[in-house]
Amino acid sequence: MLQGLNRILIAAASLLVAAPATAEIYKCVDAEGHTTYTNEKSRAGGCKVLASDVPVSSVPGPAAATPKPAANPGGFPSVSNDQQKARDSERRRILEAELATETGSLEEARKALTEGEAVRLGNERNYQKYLDRIQGLKDNVALHERNVDALRKELSKLP
């Protein structure tokens, strides 16, 4: 009997805690037509009270979109030809330096793969350990090959 009474008290307490929150909500429309909802009476001058039996939602609305600046078709391109050529030549120089570095890394990775395939280490009695080590070397070679290809592709796009 005591357990039944405890269950009833717990159920009643949970119903009191889970009661929906309601408040007076005011709908305000300013001179520009923007709608604002508030529950502060001080800010609600000239606003209409919405139904008070509607549960309150605290989900914020979407942020106001900021207008994007209009393109300047008359001034396009905004960089002079000399500046653009200087930028392109600098970019080409940087990409060529990266390509040279990456090509060197590719050759080192290929050399390491060739040497690694020729030697089986003492802790690789299990053939799978050898295969795993070689696969890591192959992956390294493939990475450098992809980087070289990407750099060449970028260089081919430059004027």
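Attention here is on the structure that accompanies the text.

About the thresholds
Residues numbered from 1 in each chain as written. Predicted model: local features only at pLDDT ≥ 70, side-chain atom pairs only at ≥ 80, totals over all residues. Heavy atoms only, no water. Helix = DSSP H or I, 4+ residues; strand = E, 2+ residues; numbered from the N terminus. Buried < 20%, exposed > 50% of the residue type's maximum accessible area, 1.4 Å probe, protein only. Contact = heavy atoms within 4.5 Å. Areas by Shrake-Rupley, 256 points an atom, 1.4 Å probe, with all protein chains shown as cover. Pairing = 2+ DSSP bridges. Salt bridge = Lys/Arg side-chain N within 4 Å of Asp/Glu carboxyl O.

1. Notes on the overall build of the protein
Broken down by element type, the protein carries three helices and three strands. Taken from the N to the C terminus, the helices and strands of the protein come in the order α-β-β-β-α-α. Sorting the 159 residues of the protein into buried and exposed places 14% on the buried side. Put simply, of all contacts in the protein between residues at least 6 apart along the chain, 48% involve residues at least 24 apart. For the protein, the accessible surface area stands at approximately 13200 Å², while carbon and sulfur atoms represent 57% of it.

2. Comments concerning the pairing of strand S2 (residues 35-38)
Note: strand S1 (residues 26-29) against S2, four bridges, orientation antiparallel. Bridge assignment links Tyr26 to a residue of S2, and that residue is Thr38. With antiparallel pairing between neighbouring strands as the criterion, S1 and S2 make up a hairpin whose turn holds five residues, including Gly33 at a positive phi of roughly 90°.

3. As for the pattern of salt bridges
Scanning all chains against the criterion turns up five salt bridges. If you follow the salt bridges from partner to partner, you end up with Arg91, Glu154 and Lys157 in one network.

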